[in-house]
Amino acid sequence: MTTSSAPPPRRRDAARTRQLLLDAARRRFATAGYAETTVRDIADEAGVNVALISRYFESKVGLFEAALTAGFAELRSAAGDVTPGEVPETIARMAVGQSTGTGPSHSLLLILRSSGDERADQVRLRFLHMFAEKLAEAASMQGGDPDMLRAQILLSTAIGVTLLRATNLEPLASASAEDLTTPLRDVVEALIQKPS
């Protein structure tokens, strides 16, 4: 007499599921933007039930904030503790995507392209401000509005280079990190020098 045994229950891996959702969200938000991305799109790409977004992130805004947090952590890790002289190379590496090996940095695109919801925009602006502060610190700029303005101009340069590379504008799109470093060094040096 043969008995059929039921297959063992599938083990749930909450950490893996959460990471699948986060990775899918980062890709979707970076390429399509916040408003055009639905939680269903993200769940489908991750291959999980859409209800799990509420379980792990509470809402689309919560998932967006988690995506930005992960992106900011990636950018911070790629930048490390850079000296002022290393800022141009770091920006060039990030723009080319060498920090992640995935082409133009999704983290920078995520920060720029994602908007359309007031709460999401507040989160995005908070992260832009935090990253500008990191640039100000890395460039040895000391407090005050003029220094933050310079850091934000440097941030807009980094994001602009990344965005234009993603639109296949040549020769920028095919420029290597080495090609970008010299002109970026010129920009950084011009911004760091304070008017006398």
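In what follows, the structure referred to is the one given above.
Now for a description of the structure that goes with this document. Model, not experiment: these values are computed from the prediction.

Topic: the packing of aromatic side chains
The geometry of an aromatic ring pair comes down to the distance between the two centres and the angle between the two planes. For the structure shown, the criterion picks out 3 aromatic pairs. Between Phe-29 and Tyr-34, the aromatic rings sit 5.6 Å apart at their centres with planes inclined by 20°, giving stacked as the arrangement. The burial state of Phe-29 is the same as that of Tyr-34; both residues are buried. Their ring planes at 90° and their centres at 5.3 Å tell us that Phe-29 and Phe-64 sit as a pair that is edge-to-face. Taken together, the residues span a long stretch of sequence, with Phe-29 in helix H1 (residues 14-32) and Phe-64 in helix H4 (residues 60-79) at a distance of 35 residues.

A word on the packing of H1 against helix H2 (residues 39-46)
At a minimum axis separation of 8 Å, H1 and H2 run at an interaxial angle of 125°. Judged by the inter-axis angle, H1 sits oblique to H2. Every pair of crossing elements has a handedness; the one defined by H1 and H2 is right-handed. Contact residues: Leu-20, Leu-21, Ala-24, Ala-25, Arg-27, Arg-28 and Phe-29 in H1; Asp-41, Ile-42, Ala-43, Glu-45 and Ala-46 in H2. Looking at side-chain class alone, the contact of H1 with H2 contains 8 nonpolar, no polar and 4 charged residues.

What to know about the side chain of Arg-165
Following the sequence through the fold, Arg-165 ends up in helix H8 (residues 145-166). The side chain of Arg-165 is buried and forms no salt bridge, while Asp-179, the nearest opposite charge, is found at 7.4 Å. A polar contact is formed between the side chain of Arg-165 and the backbone oxygen of Leu-172, at a distance of 2.8 Å. Look past the residues within four positions of Arg-165 in its chain and what remains in contact with it is Ala-95, Val-96, Leu-172, Ala-173, Ser-174, Ala-175 and Leu-180.

Quick look at helix H9 (residues 177-192)
Taking 1.5 Å as the rise per residue, H9 with 16 residues should run 22 Å; its terminal C-alpha atoms sit 21 Å apart, in good agreement. The sharpest bend along H9 comes to roughly 30°, located at Pro-183.

Section: the packing of helix H5 (residues 87-96) against H9
One can describe the packing of H5 onto H9 by two numbers: an axis separation of 8 Å at closest approach and a directional angle of 135°. Of the possible angle classes, the one that applies to H5 and H9 is oblique. Pair H5 / H9 crosses with right-handed handedness. Along its contact with H5, which presents Val-87, Pro-88, Glu-89, Ile-91, Ala-92, Arg-93, Ala-95 and Val-96, the element H9 presents Ala-177, Leu-180, Thr-181, Leu-184, Arg-185 and Val-188. When the residues that make up the contact of H5 with H9 are grouped by side-chain class, the tally is 10 nonpolar, 1 polar and 3 charged.

Quick notes on the nonpolar core
Within the largest apolar cluster, 52 residues are counted, with the highest numbers of intra-cluster contacts made by Leu-21, Phe-29, Ile-42, Leu-63, Phe-64 and Leu-180. Once residues lying within four places of it in the same chain are set aside, the contact partners of Leu-180 are Ala-92, Ala-95, Val-96, Val-161, Arg-165, Leu-172 and Ala-175.

Observations regarding the pattern of salt bridges
All told, the structure shown has 3 salt bridges when counted by the stated rule. A salt bridge links Glu-45 to Arg-28, with the shortest nitrogen-to-oxygen separation between them at 2.8 Å. Of this pair, Glu-45 sits in helix H2 while Arg-28 sits in helix H1, and the two are 17 residues apart along the sequence. Linked by salt bridges that have partners in common, Arg-27, Arg-28 and Glu-45 make up one network.

About the cut-offs
Residues numbered from 1 in each chain as written. Predicted model: local features only at pLDDT ≥ 70, side-chain atom pairs only at ≥ 80, totals over all residues. Heavy atoms only, no water. Phe/Tyr/Trp six-rings, centres within 6.5 Å; stacked < 30°, edge-to-face > 60°. Buried < 20%, exposed > 50% of the residue type's maximum accessible area, 1.4 Å probe, protein only. Helix = DSSP H or I, 4+ residues; strand = E, 2+ residues; numbered from the N terminus. Axes fitted to C-alpha atoms, helices over the stretch in contact; angles between N-to-C directions. Parallel < 35°, antiparallel > 145°, perpendicular 65-115°, else oblique. Left-handed = near helix turned anticlockwise from the far one by under 90°. Contact = heavy atoms within 4.5 Å. Nonpolar A, V, L, I, M, F, W, Y, C, P; charged D, E, K, R; others polar. Lys, Arg positive; Asp, Glu negative; His and termini not counted. Salt bridge = Lys/Arg side-chain N within 4 Å of Asp/Glu carboxyl O. Polar contact = N/O pair within 3.5 Å; in protein donor to acceptor, adjacent residues only side chain to side chain. Expected span 1.5 Å × (residues − 1). Bend = angle between axes of the 7 residues up to and from the residue. Core = buried A, V, L, I, M, F, W, Y, C linked by side-chain atoms within 4.5 Å.

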